[in-house]
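Residue-level structure breakdown
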Amino acid sequence: MLSDWTLLSDELQLTLSREALCLAGETIAGQAETLAIEMETGGLADRGGPDALRLLAAVVRVAGKDGMVPAGHA
């Protein structure tokens, strides 16, 4: 097992970074849906949040399917 990120090739660093971003996005989307359910079932005060949270979840998931295309120049 490598213990230093800099020992990984640039390609492997990019691959791992993209996978981590996808996992983070899915985690955020899942938490947004969980919060929406809590609001709907009365666990948290509902102030229009469930729809907004579901929209956030959908946006995060759609953005993640684009392959996390990098923006800008390196």
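Refer to the structure presented above.
Anyway, here's the lowdown on the structure attached to this text. Since we're looking at a predicted model, the values are computed, not measured.

A few points about the overall build of the protein
Broken down by element type, the protein carries two helices and zero strands. Carbon and sulfur atoms provide 62% of the accessible area of the protein, an area that totals close to 5800 Å².

Overview of a nonpolar patch on the surface
Taken together, the side chains of Trp 5, Leu 12 and Leu 16 present a nonpolar region at the surface, about 270 Å² in accessible area. With respect to the helices and strands, the residue Leu 12 is situated in helix H1 (residues 10-40).

Remarks on the pattern of salt bridges
Scanning the model with the defined rule gives three salt bridges in all. The closest approach of N and O atoms between Glu 26 and Arg 61, which form a salt bridge, is 2.7 Å. Within this pair, whereas Glu 26 is found in helix H1, its partner Arg 61 is found in helix H2 (residues 49-64), the two being separated by 35 residues in sequence. For Glu 26, a relative accessible area of 39% translates into the label partly exposed. Of the residues examined, Arg 61 reaches a relative accessible area of 24% and is grouped as partly exposed.

What counts and how
- Residues numbered from 1 in each chain as written.
- Predicted model: local features only at pLDDT ≥ 70, side-chain atom pairs only at ≥ 80, totals over all residues.
- Heavy atoms only, no water.
- Helix = DSSP H or I, 4+ residues; strand = E, 2+ residues; numbered from the N terminus.
- Areas by Shrake-Rupley, 256 points an atom, 1.4 Å probe, with all protein chains shown as cover.
- Patch = residues over 30% accessible without salt bridge, like charges linked within 9 Å, V, L, I, M, F, W, Y side chains within 5 Å.
- Salt bridge = Lys/Arg side-chain N within 4 Å of Asp/Glu carboxyl O.
- Buried < 20%, exposed > 50% of the residue type's maximum accessible area, 1.4 Å probe, protein only.

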